[in-house]
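Examination of the molecular architecture
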Amino acid sequence: MKALESLVQTLIDIVMWFVNLLPPVLSDPFQYAFMQRALLTSLVVGVICGVLSCYIVLKRWALLGDAVSHAVLPGVAIAYLLGLPFSVGAFISGALTSLGIGALERNTRIKSDSAMGLMFTGAFALGVVIISRIASSTHLMHILFGNVLGVRMEALTWTVLAGAVTLFFAFRYYKEFLLFSFDPTHASAIGMNTAAIHYGLMLLLTLTIVASLETVGIVLVVAMLIIPGSTANMLVNSLPRMIAISVAVGAVSSALGLYLSFLLNVASGGTIVLVTFAFFVPALVFGPNGLLFRRRRITVAPA
Amino acid sequence: MNDATGLRQRELTRQIPRSYAGTVAANAVSAAYDRDLVLRDMSFSLDPGQLVAIVGPNGAGKSTLFKLLTGIKKPAGGTVSVFGDTVYRARRNNRIAYVPQEAEIDWDYPVVVHDVVLSGRFGRIREEGGLRSILPPRFAARRHHEASAAALGSVGMSDYADRPIGALSGGQKKRVFLARAIAQEADLLLLDEPLAGIDRATESVFFDVLVELKSAGKTVLMITHDFPTVEEFADTVMLLSRSVIEIGPPAEILTDENLERTYHGSVRRGR
Ligand SMILES: Nc1ncnc2c1ncn2[C@@H]1O[C@H](COP(=O)(O)OP(=O)(O)OP(=O)(O)O)[C@@H](O)[C@H]1O
Ligand SMILES: [Mg+2]
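Residues and elements named next belong to chain B. What surrounds ligand 1 is a group of 14 residues, the closest being Gly59, Gly61, Lys62, Ser63 and Thr64. At a separation of 2.9 Å, an oxygen atom of ligand 1 approaches a polar backbone atom of Gly61. The separation between an oxygen atom of ligand 1 and a polar side-chain atom of Gln101 is 2.9 Å. For ligand 1, whose free accessible area comes to 630 Å², the fraction covered by protein is 62%. The element best represented in the shell around ligand 1 is helix α2 (residues 62–69), accounting for 3 residues. Among the residues forming the shell around ligand 1, the class breakdown is 4 nonpolar, 7 polar and 3 charged.

All names here are of chain A. Under the defined criterion, the tally for this structure stands at 0 disulfides over all chains. Free of any disulfide, Cys49 has its nearest neighbouring cysteine sulfur in Cys54, separated by 11 Å. Residue Cys54 is classed as buried on the basis of its relative accessible area, which comes to 0%.

What follows is about the layout of surface pockets. Taken as a whole, the largest pocket encloses approximately 1,400 Å³ of empty space. Listed by contribution, the elements that provide at least two residues to the lining of the largest pocket are α6 (86–107), α7 (112–134), α11 (184–189) and α12 (194–233) of chain A together with α2 and α3 (87–92) of chain B.

Our focus in this paragraph is the pairing of strand β2 (residues 36–46) of chain B. Within a regular strand, side chains alternate between the sheet's two faces. Relative to β2 of chain B, strand β1 (residues 24–33) of chain B is paired through 7 bridges, and the arrangement is antiparallel. Counted as the bridge partner of Ala32 of chain B is Leu37 of chain B from β2 of chain B.

With that out of the way, let us pick up helix α7 (residues 170–183) of chain B. Owing to its 3.6 residues per turn, the α-helix brings residues three or four apart onto one side. Residue and element names in this part refer to chain B. In this model, α7 (14 residues) spans 20 Å end to end at C-alpha, consistent with the 20 Å of a helix rising 1.5 Å per residue. Among the 14 residues of α7, 12 are classified as buried, and the element is accordingly described as predominantly covered. The set of residues buried in α7 consists of Gly171, Gln172, Lys173, Arg175, Val176, Phe177, Leu178, Ala179, Arg180, Ala181, Ile182 and Ala183. Of the residues one or two after α7, Glu185 is the one with positive phi, at around 55°.

Residue and element names in this part refer to chain B. The 6 strands lie next to each other as β5-β6-β7-β3-β8-β9, forming an open sheet whose pairing is mixed. The open sheet terminates on both sides in strands that have one partner only, identified here as β5 (96–99) and β9 (244–248). For this sheet the average axis-to-axis angle between neighbouring strands, irrespective of direction, equals 15°. With 4 bridges joining them, strand β3 (residues 51–55) and strand β7 (residues 219–223) adopt parallel strand pairing. When the bridges of β7 are listed, Ala53 appears paired with Met222. Packing of helix α8 (residues 200–215) onto the sheet brings it into contact with β3, β6 (188–192) and β7, and relative to β7 it is tilted by some 145°.

We now examine the pattern of salt bridges. In the structure shown here, the tally under the stated rule is 11 salt bridges over all chains. With a shortest N-O distance of 2.8 Å, Asp183 of chain A and Arg180 of chain B are connected by a salt bridge. Taken together, the positions of Asp183 of chain A in the loop between α10 (174–182) and α11 and Arg180 of chain B in helix α7 put the pair across two chains. There is no split in this pair, since Asp183 of chain A and Arg180 of chain B are both buried. Close ionic contact of Glu146 of chain B with Arg142 of chain B constitutes a salt bridge, the shortest N to O distance being 3.1 Å. With Glu146 of chain B and Arg142 of chain B both in helix α6 (residues 142–154), this residue pair falls 4 residues apart, about one helical turn. Residue Arg142 of chain B is classed as exposed on the basis of its relative accessible area of 63%.

Procedures and definitions
Each chain carries its own residue numbering, running from 1 in the direction its sequence is written. A letter from A marks each chain and a number from 1 marks each ligand, given out in the order of writing. For this predicted model, a pLDDT threshold of at least 70 governs which residues receive local features, and a threshold of 80 or more governs which side-chain atom pairs are given and counted, while totals over whole chains, interfaces and linings are taken from all residues. For the side-chain quantities, the full set of heavy atoms in the structure was used; hydrogens and water were omitted. Summary of the distance rule: residues count as near a molecule or strand when at least one heavy atom falls within 4 Å of that molecule or strand. A 3.5 Å cut-off defines polar contacts: any pair of N or O atoms within that distance qualifies, except that in protein one atom must be a possible hydrogen donor and the other a possible acceptor, and neighbouring residues in sequence count only when both atoms are side-chain atoms. For the accessible areas, the method is Shrake-Rupley and the probe is 1.4 Å, while residue cover comes only from the protein chains on display. Secondary structure elements follow DSSP: runs of H or I of four or more residues count as helices, runs of E of two or more count as strands, with numbering from the N terminus. Note on residue categories: nonpolar means Ala, Val, Leu, Ile, Met, Phe, Trp, Tyr, Cys or Pro, charged means Asp, Glu, Lys or Arg, and polar means any other residue, Gly included. Only a pair of cysteine sulfur atoms within 2.5 Å counts as a disulfide in this structure description. A simple rule labels every residue: compare its accessible area, found with a 1.4 Å probe on the protein chains alone, to the largest value its type can have, and call it buried under 20%, exposed over 50%, or partly exposed in between. Of the grid points, spaced at 1 Å and generated over the protein atoms alone, those admitting a 1.4 Å probe that cannot get out make up cavities, while open sets with protein on both sides within 12 Å along at least five of seven lines make up pockets; any residue with an atom within 4 Å of a point is treated as lining. Grid points are joined across faces, edges and corners, and a volume is the space filled by probe spheres set on the points. Two strands qualify as a pair provided that DSSP identifies no fewer than 2 bridges between them. Any helix carries an expected span of 1.5 Å times its number of residues minus one. Under this scheme, a helix contributes an axis fitted over its contacting stretch, all axes are lines through C-alpha atoms, and angles between N-to-C directions fall in the 0 to 180 degree range. Residue contacts follow a heavy-atom distance rule, with two residues in contact if any of their heavy atoms lie within 4.5 Å. By definition here, a salt bridge exists when the distance from a side-chain nitrogen of Lys or Arg to a carboxyl oxygen of Asp or Glu is within 4 Å.

Written as structure tokens, this is what we have:
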């Protein structure tokens, strides 16, 4: 862990090297150590949410994102009771819920939207009940809405680790995720294990959500899983480019949102989401696949 | 490539003497959705290198048979084998290509035609092993991109390689999915109503492809409702209605009496 933490410190130093190239108006807030940790956390979260966001949008898993993010609550509460790192508890209960959803929709006639609704409301209710007995309400607020300015080195290290794992799998199994989200029938006809891909993608989603909790919180994390991908989807027609743009939107809005929230002294999670939205709206209206262009695009087909 | 062929040959020599059960063999196979049995007691064995037409009324279970042969659906009873192997091993070894009746995909998905055809090569890329096999498809070896381009050319769609998949007509989409199956270089092709909804020009492109596939020694199973095509191109025809009614050369099988048994009503063979 110590070695990892020094690695994370190195990452912070690298990020700060770039930040210090900016004019002082922008870089001044980041002279505080807590802001530096918050910045790296936000960047990592922006990047991995950007990657997963594309699959969430294309696979129509928006509700799943919402479900898993709520389902981490009992895990957080139990981890608090047992004195474990809360991300461990969050991951376990999120993973159990997403596997449960997957098993229900693959093996019963319960459709995926009902399966999600069933599992996540159950888990969330359990979480609320446990938390009502144990924690102070500020604690609950931090879990629900994030508290990126209070991120400590240990939590940041976990986030970086989760980010590295997510990026590795997203890159390593790119073909599998592409085909699974585009044409699952073909994926299984050429011998891919679609069940494993399905559960694997759900676990990556869970990991991403857990890593994002401190930054944007349970309630808003789903925004980071939907908006960057939807924005990119308005702009390009190729998955690699969509992922690249989505990552850029996620990372830039996380950093910008953090800065603005510091400047205006408002909630960081909400600000980050609003900035993401500020990217989405123009893309929706003016993007090549957006409202204005879609109507006007008249091309002559090759003969 | 050499390695792959070597592997395939070894497999063949390993399997043929043990039990040569034909390219596709079914033994007392049945299939059900929930509890409704839609296929019952199907047994047949097909020789390699043939074009087999599968004919039968709507709801006869033709598409269901293909789902069994691709492992998308498990039989309710009996066994299916492909090249003497289980369906799962056969498809893992790139031996089966499947073009479904209707692709169940999101036409707004951000892929272009070339990407779609290239996805037919994923099994080949996987079997190569090494670092390149796990990188995104863009980094796959040149020959995979070339094979995709050639397959696209063989269905006359080269000009459309960079088009989003949603920006094609219905017949053009069909051509692209046929190209993807060709790019796979599988030994068994399962084509579910490839002729439905396509124009005469596309049809003749398609027949050229069929002839070429057959001369390359591939086995093609094709579901169709078009009797002239069956009579002209098929080596074997299977009449199917919930089970195998008859199977054999078209000239012998396509009798009025057999068609009556399959369709339970008068069917004329001409268009
Ligand atoms: N997903 C499904 N769930 C329940 N029943 C199904 C399903 N798919 C097919 N069936 C039923 O199984 C039977 C066989 O269907 P299948 O699709 O195999 O027919 P087919 O021979 O391909 O017909 P067509 O010529 O219309 O394509 C039909 O009675 C159909 O209603
Ligand atoms: Mg059918």
